[in-house]
Amino acid sequence: MRRKSRVFLLLIILFLLLLLVIAGILAVHRAWCDRNRIEIPGPVDGAGGGVDLVIDPNAEEDSRHENSADAEQGVVIAGRESMVVSANKREAAVDFFNPEENARFYYLTFELRLYGGDGQDYEVLYTSGLVEPGKHIYRITLSRSLEKGVYEAVIHVQPYRMNEEKTPTNNADMKIRLIVN
Amino acid sequence: MKKLSVVILTAVLLLAGPSLRLASAGDIITQDSGEKSGNITVGYDAGVAYTVTIPASVTFTDSEKRIERPLQVNNIVLNEGSTLSVNIASANHFKMTHGEGYIEYSLLVNSNAVPKEDSFNVLKVAAGDKSGWAILEFVTDLNTEYATYAGSYTDTLTFTVTIN
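None of these values were measured; they are calculated from a predicted model.

What counts as what
Residues numbered from 1 in each chain as written. Chains lettered and ligands numbered in written order. Predicted model: local features only at pLDDT ≥ 70, side-chain atom pairs only at ≥ 80, totals over all residues. Heavy atoms only, no water. Contact = heavy atoms within 4.5 Å. Buried area = accessible area lost by both parts, 1.4 Å probe. Salt bridge = Lys/Arg side-chain N within 4 Å of Asp/Glu carboxyl O. Polar contact = N/O pair within 3.5 Å; in protein donor to acceptor, adjacent residues only side chain to side chain. Helix = DSSP H or I, 4+ residues; strand = E, 2+ residues; numbered from the N terminus. Pairing = 2+ DSSP bridges. Phe/Tyr/Trp six-rings, centres within 6.5 Å; stacked < 30°, edge-to-face > 60°. Buried < 20%, exposed > 50% of the residue type's maximum accessible area, 1.4 Å probe, protein only. pLDDT = per-residue confidence, 0-100.

Sorry if this is basic, but what is going on with the interface of chain A and chain B here?
Reports of interface size often rely on the accessible area that becomes lost once the parts have come together. Listed by partner, the interface residues are 22 residues for chain A and 26 residues for chain B. When chain A packs against chain B, close to 2,100 Å² is buried across both sides, 48% of that on carbon and sulfur atoms. On inspection of chain A and its partner chain B, the count reaches 0 salt bridges. Joining chain A to chain B, the criterion identifies 13 residue pairs in polar contact (both at pLDDT 80 or more). Within the residue set of the side of chain A that touches chain B, elements represented by two or more residues are strand 3 (75-80) and strand 10 (171-180) of chain A.

Please explain the side chain of asparagine 102 of chain A as it appears in this structure.
Turning to its location among the elements, asparagine 102 of chain A is positioned in the loop between strand 5 (91-97) and strand 6 (106-115). Excluding residues within four positions of it along the chain, asparagine 102 of chain A makes contact with Gly74, Val75, Val76, Leu108, Pro133 and Met162 of chain A.

Honestly, the sheet that holds strand 1 (residues 49-54) of chain B in this entry has me stumped. Any pointers?
The pairing of strands in a sheet comes from backbone hydrogen bonds and takes either a parallel or an antiparallel form. Taken in spatial order, the 6 strands of this open sheet run 3(A)-1(B)-2(B)-9(B)-6(B)-7(B), and their pairing is antiparallel. The open sheet terminates on both sides in strands that have one partner only, identified here as strand 3 of chain A together with strand 7 (112-113) of chain B. Both strand 2 (residues 66-77) of chain B and strand 9 (residues 132-139) of chain B contribute to a ladder of 8 bridges, which runs antiparallel. Note on strand 9 of chain B: the bridge partner recorded for arginine 66 of chain B is valine 139 of chain B.

Explanation requested: unusual backbone geometry in the structure shown.
Negative phi is the rule for most residues except glycine; trans is the rule for most peptide bonds. All names here are of chain B. Located in the positive-phi region is asparagine 75, a residue other than glycine, with phi close to 50°. Mapped onto the fold, asparagine 75 is located in strand 2. Even without being glycine, asparagine 110 reaches a positive phi, approximately 50°.

Would you take a moment to explain the packing of aromatic side chains for this structure?
Each aromatic ring pair is characterised by the separation of its centres together with the angle its planes make. The tally for this structure, following the rule as stated, stands at 8 aromatic pairs over all chains. Centroid distance phenylalanine 96 of chain A to phenylalanine 110 of chain A: 5.2 Å. Interplanar angle 10°. Geometry classified as stacked. With phenylalanine 96 of chain A in strand 5 and phenylalanine 110 of chain A in strand 6, this residue pair connects regions lying 14 residues apart in the sequence. According to the relative accessible area criterion, phenylalanine 96 of chain A is buried, its value standing at 4%. On the basis of relative accessibility, which here comes to 3%, the residue phenylalanine 110 of chain A falls in the buried class. Ring pairing ties together the aromatic residues Phe60, Phe94, Tyr105 and Phe120 of chain B, which thus form one cluster.

Got a minute to help me understand the environment of isoleucine 135 of chain B in this structure?
All names here are of chain B. Mapped onto the fold, isoleucine 135 is located in strand 9. Separated by 13 residues in sequence, isoleucine 135 and valine 122 place their C-alpha atoms 9.3 Å apart. In contact with isoleucine 135, not counting residues within four places along its chain, are Glu68, Arg69, Pro70, Leu108, Val109 and Asn110.

I keep staring at the confidence of the model for chain A and nothing clicks. Help me out?
Atomic detail in the predicted coordinates should be set aside for any region of low pLDDT. Confidence along chain A averages 84 in pLDDT terms, with 81% of residues attaining 70 or more. Residue range residues 38-48 of chain A is modelled with pLDDT below 50. Its contacts to residues more than four positions away, or to other chains, number 13 contacts.

Pasting the structure below:
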């Protein structure tokens with residue numbers, strides 16, 4: 001008889017423990033659900049009550065914000081003081097390149113401008129297409145050949161954002177001596 | 001015992017072989033073979049070069065009317081006595097334009113207001129310095145008095161690098 005009541009007591013204790021475990025699991029689950037729920041207050045008179053909503057996982061930061069950390073990345077442009085080409089030849093060896101630092105951000109284009117005596121008017125001798133970061137242009141064909149001499153020239157570098165619109169950004173003019181020999 | 005002697009002798013010959021060969025391979029050793037010296041020229045023609053980092057763009061908003069951007073020149077190699085200068089010119093004389101409308105802004109360089117000239121100097125680096133920088137501060141009150149239409153108002157800056 002005593003043994004029977006012991007077994008009964010043990011079963012009750014086990015049952016209570018099981019109830020405790022289930023209650024714990026339910027409490028944790030409810031807390032997790034509450035964290036992801038926003039309750040919109042109902043009308044002032046309370047009719048209708050609140051509406052349960054969850055955070056939309058598709059909502060994201062404003063990617064159009066131009067001053068984001070990525071957009072603050074400046075454009076890196078390599079410059080030289082002079083460039084040498086052969087007289088009476090349109091083919092020229094150069095090194096126009098887009099530094100690796102611009103990876104993911106900017107294409108560059110290069111325009112070789114020959115300036116006249118007034119320093120205002122210029123003639124375009126060469127225009128490149130978009131150059132990707134890490135790429136070089138080593139050989140170009142000028143729009144015309146030049147006589148021997150030293151000319152005032154500018155390499156105009158226009159960066160473009162690597163987005164669908166290829167938006168042009170601020171740009172740079174590198175003044176150089178174009179040495180023709 | 002004989003075998004052991006052969007093994008030891010072989011080992012000695014193998015170890016000493018290279019040095020014996022040097023002496024017997026016909027090297028001519030004369031009184032002139034003392035220490036010699038000579039010169040070779042190791043050279044590299046370092047051309048004048050640099051890298052400039054310019055701000056790509058600045059976008060004002062109602063909450064951002066004062067924006068700082070760095071201007072940097074690095075890896076500078078110049079001829080002795082020469083100077084690298086960076087000037088800035090605004091395509092629209094420091095007005096962000098849209099059609100005929102505009103919104104004015106101004107520029108400070110290292111906290112000093114700069115005149116709205118066609119082109120003005122913002123940075124100078126002398127030969128011997130490897131880098132130089134300036135902090136550009138773009139400021140506007142977003143006064144829309146002359147902004148005729150809704151839309152994007154923009155200006156473009158050109159950074160001109162000259163070596164004198």
